[in-house]
Amino acid sequence: MNDFARLLEAEIPRLRRYARALTRDVSRADDLVQGCLTRAVAKQHLWQPGTDLRAWLFTILHNQHVNEVRRSVREGANVPIEDAAPALTAQPNAVDALQLRDLERALAKLAPEQRQVILLVGLEGMPYEEVASILDIPIGTVRSRLSRGRGQLRILMGMDDERSALPAPESSRAAGHVSAA
């Protein structure tokens, strides 16, 4: 196995995690990652050793996902019966599972541009510069989408009300600031 293959293999878990978060479907995510890896191997000559392989792979994955979304819009979307039928069983860790389900649903309601930035920064822990490079957008746009996406997530998760209901920190009261209660 050559160096490129070893480096490529090390990135597969991150690619799968991001693809699953983007597609919200294990099978589609695996297909997306497989297509990304196939394309990366075919275009290996375009990657410059010493540059960030992860960013290059995420760019390929992102572009493939965008192409698939555009294709599905043109062709129409199909919904599997499993997605339409509600799940009637409760898991032992129901609270955690419900919170994750709510987060997943809230993420799904975000604009795709905001969701992509939130997943790359929040889930993958990528710096803003790398996200800007992957999505081919200015860094200011990354910050803006991240801020708007986080705000929208707080609203969708019902956390916006909790934040505004919290009392002002002791330090601001001590400094003479009055909180609106």
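Predicted, not measured: the structure shown is a model, and the values here were computed from it.

Trainee: What should I look at first to understand the pattern of salt bridges in this one?
Mentor: For the structure shown, the criterion picks out seven salt bridges. We note a salt bridge from Asp-3 to Arg-6, for which the minimum N-O separation is 3.0 Å. With Asp-3 and Arg-6 both in helix H1 (residues 3-23), this residue pair falls three residues apart, about one helical turn. Overall, Arg-6 belongs to the partly exposed group, its relative accessible area being 44%. One salt bridge connects Arg-14 with Glu-11, and the closest N-O pair in it is separated by 3.3 Å. Here Arg-14 pairs with Glu-11, and both are found in helix H1, just three residues apart, close to one helical turn. Of the residues examined, Glu-11 reaches a relative accessible area of 13% and is grouped as buried. In the salt-bridge network here, residues are joined through shared partners; they are Arg-16, Arg-20 and Asp-30.

About the cut-offs
Residues numbered from 1 in each chain as written. Predicted model: local features only at pLDDT ≥ 70, side-chain atom pairs only at ≥ 80, totals over all residues. Heavy atoms only, no water. Salt bridge = Lys/Arg side-chain N within 4 Å of Asp/Glu carboxyl O. Helix = DSSP H or I, 4+ residues; strand = E, 2+ residues; numbered from the N terminus. Buried < 20%, exposed > 50% of the residue type's maximum accessible area, 1.4 Å probe, protein only.

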